Amino acid sequence: MKFNIRNAATNDIPFLVKSVLEAEKAGSEIISYCSIFNINQEKLSNVINTAFSEEVGVVVWDLNTWIVVEDPQGNPIAGLASWVELDNFSSEKQKFQYLNYVLRPDLNDNHFKTKISQLQKVALQRNAGTRQLDFLFTNPDFRGKGLMKMLIGYAIKNCSESCLQLQVLSSNYSAIKLYEKMGFVEETRLTCIGLKSMGLLADDTKICMTYYG
Amino acid sequence: MDKNTIISKIQEVFDLVFKEKSIPISEETNAKDIETWDSFTHLTLIQEIETAFSIEFKLKELMVMENVGNMITILEKKLNQI
């Protein structure tokens, strides 16, 4: 079977939204955004779908940021977001600004504040000017065919920045193994005990991995 | 409202949000200059600025608000429309 890599298109948006959700879950049922903003998956899907379709200016949820692998019928079956981190307006801040605007949480609510402050303990720095990869996802029906290897290889080949970085939960062994195989090395890790048990993240430890060209 | 008044009002908001970590702001001031200017503090900062100036930012304004200079430009535009 022949698989192609191409830039994401409008028809791919439902797949991209699914990729964001599944990558965030990393095999669990926990999605940080749902826990923080107290919303269900359906609501989050709609909000992310809007970000893609209305081009609201969130770099990680912008069609131009995404590349996908398509099956012979043209359907997306694997994807990832790839962008250059900005100097003074981090992608994380953009994302939160958008979610805050749409979902209007009470910023003075102590539960909201606690959840945010706990998650910030594992907020790994995305270095400005570096290429970032995120939301790496392969449709389970097509796993084991080297599609993610294809996508990461493509991102590496087309990277003109000094390095590529990605973040992964320490419990996601298969992903870590693949990234190491592709040449990524562990840069830093941050742990906050209790994130998993509080339902805020699928694991207590997040790792930043870097590929130096 | 003139630019200097806008800047001094923004400074008051920064002092309120960042407390002892606050610094004298300029048009170039951005998140790199204040260690505690993280994602959550950014949300609080925007909310306090909206309250201080009795305005509401549009999404497209928020998505380009990466430094104090942009805040001033957007505020000047909005306040002159009122």
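Above: the structure in question.
It should be emphasised that the depicted structure is a prediction, and the values quoted were computed from it without experimental measurement.

Turning next to the overall build of chain A. Helices and strands together make up the secondary structure of chain A, namely 7 helices and 7 strands. Order of helices (α) and strands (β) in chain A, N terminus to C terminus: β-α-α-α-β-β-α-α-β-α-β-α-β-β. Against the globule reference of 17 Å for 213 residues, chain A gives a C-alpha radius of gyration of 17 Å, in line with a compact fold. Viewed in the frame of its principal axes, chain A has a C-alpha envelope of about 50 × 35 × 35 Å. At a minimum sequence separation of 6, the contacts of chain A that also span at least 24 residues come to 72%.

With that out of the way, let us pick up the interface of chain A and chain B. Contacts between chain A and chain B engage 20 residues on the former and 22 residues on the latter. Carbon and sulfur atoms make up 61% of the surface buried where chain A meets chain B, a total of about 1900 Å² over both sides. Of all residues in chain A, the largest losses of buried area upon contact with chain B belong to A:Asn88, A:Lys93 and A:Gln97, amounting jointly to 32% of the total for that side. At the boundary of chain A and chain B, one finds 1 salt bridge. For B:Lys32, the salt bridge goes to A:Asp87, with nearest N and O atoms at 3.0 Å. Across the contact surface, chain A and chain B share 3 residue pairs in polar contact (both at pLDDT 80 or more).

We now examine the packing of helix α1 (residues 13-25) of chain A against helix α3 (residues 41-53) of chain A. All names here are of chain A. As a packed pair, α1 and α3 sit with axes 9 Å apart at the nearest point and diverge in direction by 130°. On the basis of their axis angle, the class for α1 and α3 is oblique. In this structure, α1 meets α3 at a crossing whose hand is right-handed. Mapping the contact onto sequence places Ile-13, Leu-16, Val-17, Val-20, Leu-21 and Lys-25 in α1 and Gln-41, Leu-44, Ser-45, Ile-48, Asn-49, Phe-52 and Ser-53 in α3. Its residues assigned to classes, the contact of α1 with α3 comprises 8 nonpolar, 4 polar and 1 charged.

Below, the discussion takes up the packing of aromatic side chains. All names here are of chain A. All chains considered together, the criterion is met by 14 aromatic pairs over all chains. Arranged with centres 5.9 Å apart and planes meeting at 45°, the rings of Phe-15 and Phe-137 form a pair that is tilted. Taken together, the residues Phe-15 in helix α1 and Phe-137 in strand β4 (residues 131-138) connect sequence positions 122 residues apart. You'll find Phe-15 and Phe-137 in the same group, each marked buried. Ring geometry for Tyr-33 and Trp-61: centres 5.8 Å apart, planes at 85°, overall edge-to-face.

All right, on to the sheet that holds β4(A) then. Adjacent strands of a sheet pair through backbone hydrogen bonds, lying either parallel or antiparallel. Residues and elements named next belong to chain A. The strand order across the open sheet built from 7 strands is β1-β2-β3-β4-β5-β7-β6, with neighbouring strands paired in mixed fashion. Strand pairing shows two members of the sheet lacking a second neighbour, β1 (4-7) and β6 (185-191), which therefore form its edges. Mean inter-strand twist for the sheet, computed between neighbouring axes without regard to direction, equals 25°. Pairing geometry for β1 and strand β2 (residues 66-70), over 4 bridges, is antiparallel. When the bridges of β2 are listed, Asn-4 appears paired with Glu-70.

This part covers the pairing of strand β5 (residues 163-169) of chain A. Residues and elements named next belong to chain A. Of all 7 residues that make up β5, 7 are buried, and the element is covered over most of its length. Judged by which residues are buried, β5 turns out to be covered on both faces: Cys-163, Gln-165, Gln-167 and Leu-169 on one side and Leu-164, Leu-166 and Val-168 on the other are all buried. Both β4 and β5 contribute to a ladder of 3 bridges, which runs parallel. What sits directly across from Leu-133, in β5, is Leu-166. Read from β4 through helix α6 (residues 147-157) to β5, the crossover connection turns out right-handed. Across 7 bridges, the pairing between β5 and strand β7 (residues 205-212) is antiparallel. Of the residues in β7, the one forming a bridge with Gln-167 is Cys-208.

Definitions and cut-offs
Residues numbered from 1 in each chain as written. Chains lettered and ligands numbered in written order. Predicted model: local features only at pLDDT ≥ 70, side-chain atom pairs only at ≥ 80, totals over all residues. Heavy atoms only, no water. Helix = DSSP H or I, 4+ residues; strand = E, 2+ residues; numbered from the N terminus. Rg over C-alpha atoms; globule rule 2.2 N^0.38 Å. Contact = heavy atoms within 4.5 Å. Buried area = accessible area lost by both parts, 1.4 Å probe. Salt bridge = Lys/Arg side-chain N within 4 Å of Asp/Glu carboxyl O. Polar contact = N/O pair within 3.5 Å; in protein donor to acceptor, adjacent residues only side chain to side chain. Axes fitted to C-alpha atoms, helices over the stretch in contact; angles between N-to-C directions. Parallel < 35°, antiparallel > 145°, perpendicular 65-115°, else oblique. Left-handed = near helix turned anticlockwise from the far one by under 90°. Nonpolar A, V, L, I, M, F, W, Y, C, P; charged D, E, K, R; others polar. Phe/Tyr/Trp six-rings, centres within 6.5 Å; stacked < 30°, edge-to-face > 60°. Buried < 20%, exposed > 50% of the residue type's maximum accessible area, 1.4 Å probe, protein only. Pairing = 2+ DSSP bridges. Right-handed = clockwise from strand over helix to strand, strands pointing away.

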